[in-house]
Amino acid sequence: IELLQEGESLLGQGVPEKARTAFESAVGKWQEDYTARVLLAKCLLFLEKDKEAAFQARQAQKLFPSEPQGYYISGLALTSAGKYDRAFRDFSRCDSLLPGNPQLTFYKGYTQDKTGRQKQAANEYAAYLEMINYASNRYSQYAYNRLKEWGYVR
């Protein structure tokens, strides 16, 4: 617990490499620690170590397959790595475990978009925009622009 707290503190202070060391030490002490795996995966994602982040997230999924965060972090890492089909599966699994998260809906649309599934992406983007009540942010602007490009909105 102390190593995890130290890692979170270091991450908050903007020293992710030191945070990584603390999280890796925690995982080394107890391989079956779901929280340590998730925090290490998040840290690795922050460091743009997508393959390593996806690996740690998969380890977390194996430890607790009913917990959504391992799937979410894995989906983000796989998206960054350009593995959109696998990312979509993880985002979908996360969504089934914890439905109603607009960000998941956006990422499901984004990964469908990147694999050329325009209709499925459009459905997800439209659902995302509705979920956030059309509030403006960088994700909603991206989704809206894609829908506009495809002729779904004017």
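Everything discussed here concerns the structure shown above.
Presented here is a report on the structure given in the accompanying data block. Residue numbers restart at each chain and count upward from 1, following the sequence in its written direction. This being a predicted model, a pLDDT of at least 70 is required before a residue's local features are given, and a value of 80 or more before pairs of side-chain atoms are given or counted; all residues contribute to the totals for chains, interfaces and linings. Think of the side-chain values as coming from all heavy atoms in the structure, minus any hydrogens and water.

Some words on the overall build of the protein chain
- By the criteria applied, helices consist of DSSP H or I runs no shorter than four residues and strands consist of E runs no shorter than two, each listed in order from the N terminus. Of regular secondary structure, the protein chain possesses 9 helices and 0 strands.
- Order of helices (α) and strands (β) in the protein chain, N terminus to C terminus: α-α-α-α-α-α-α-α-α.
- Once the C-alpha set of the protein chain is aligned to its principal axes, its extents read approximately 55 × 30 × 25 Å.
- In the protein chain, which comprises 154 residues, the proportion classed as buried is 45%.
- Carbon and sulfur atoms make up 49% of the accessible area of the protein chain, which totals about 8600 Å². Between buried and exposed lies partly exposed: a residue is buried under 20% and exposed over 50% of the maximum accessible area for its type, with that area taken using a 1.4 Å probe on protein chains only. Residue burial considers only the protein chains on display, and all accessible areas are found by Shrake-Rupley using a 1.4 Å probe.

Points about the side chain of Asp95
- Note that Asp95 resides in helix α6 (residues 84–97).
- Whenever two N or O atoms come within 3.5 Å, that pair is a polar contact, provided that in protein one can donate a hydrogen and the other can accept it, and provided that, for residues adjacent in sequence, both atoms are side-chain atoms. Among the polar contacts made by the side chain of Asp95, one reaches the side chain of Lys108 at a distance of 2.9 Å.
- In what follows, a contact means two residues having at least one pair of non-hydrogen atoms within 4.5 Å. Setting aside residues no more than four positions away along its own chain, Asp95 makes contact with Gly100, Leu104 and Lys108.

Looking at helix α7 (residues 102–114)
- Residue count minus one, scaled by 1.5 Å, sets the expected span of a helix. The terminal C-alpha atoms of α7 lie 18 Å apart, and with 13 residues this matches the ideal 18 Å at 1.5 Å per residue to within 8%.
- With 11 of its 13 residues buried, α7 lies for the most part within the structure.
- Where α7 is buried, its residues touch α5 (69–80), α6, α8 (118–131) and α9 (138–149).
- One side-chain oxygen at the N-terminal end of α7 lies 2.8 Å from the backbone nitrogen of Gln103; it belongs to Asn101.

Here we look at unusual backbone geometry
- The phi angle at Asn133 is positive, at roughly 55°, despite the residue not being glycine.
- Inspection of the secondary structure assignment puts Asn133 in the loop between α8 and α9.
- Overall, Asn133 belongs to the exposed group, its relative accessible area being 64%.

Things to note about the environment of Pro68
- Tracing the chain through its elements places Pro68 in the loop between α4 (50–63) and α5.
- Owing to a relative accessible area of 16%, Pro68 belongs among the buried residues under this scheme.
- Residues Pro68 and Leu98, 30 residues apart in the sequence, show an inter-C-alpha distance of 6.5 Å.
- What Pro68 contacts, discounting residues up to four positions off in sequence, is Cys94, Leu97 and Leu98.

Things to note about the environment of Phe91
- Structurally, the position occupied by Phe91 is in helix α6.
- In contact with Phe91, other than residues within four places in its own chain, are Tyr72, Gly75, Leu76, Thr79, Leu104, Tyr107, Lys108 and Thr111.

Let's talk about the side chain of Thr105
- Positionally, Thr105 belongs in helix α7.
- On the basis of relative accessibility, which here comes to 5%, the residue Thr105 falls in the buried class.
- Residue contacts for Thr105: discarding those within four places in its chain leaves Glu124, Ala127, Tyr128 and Met131.

A look at the layout of surface pockets
- In the cavity and pocket records, a cavity denotes points on a 1 Å grid over the protein atoms alone where a 1.4 Å probe fits but cannot get out, a pocket denotes an open set with protein on both sides within 12 Å along at least 5 of 7 lines, and lining residues are residues with an atom within 4 Å of a point. Grid points are joined across faces, edges and corners, and a volume is the space filled by probe spheres set on the points. The volume enclosed by the largest pocket comes to roughly 220 Å³.
- Around the largest pocket, the lining residues are Leu45, Leu76, Thr79, Ser80, Phe106, Tyr107, Tyr110, Arg138, Tyr139 and Tyr142.
- Secondary-structure elements contributing two or more residues to the lining of the largest pocket are α5, α7 and α9.
- Grouping the amino acids of the lining of the largest pocket by side-chain chemistry returns 7 nonpolar, 2 polar and 1 charged. Gly counts as polar in this scheme, as do all residues outside two lists: the nonpolar Ala, Val, Leu, Ile, Met, Phe, Trp, Tyr, Cys and Pro, and the charged Asp, Glu, Lys and Arg.

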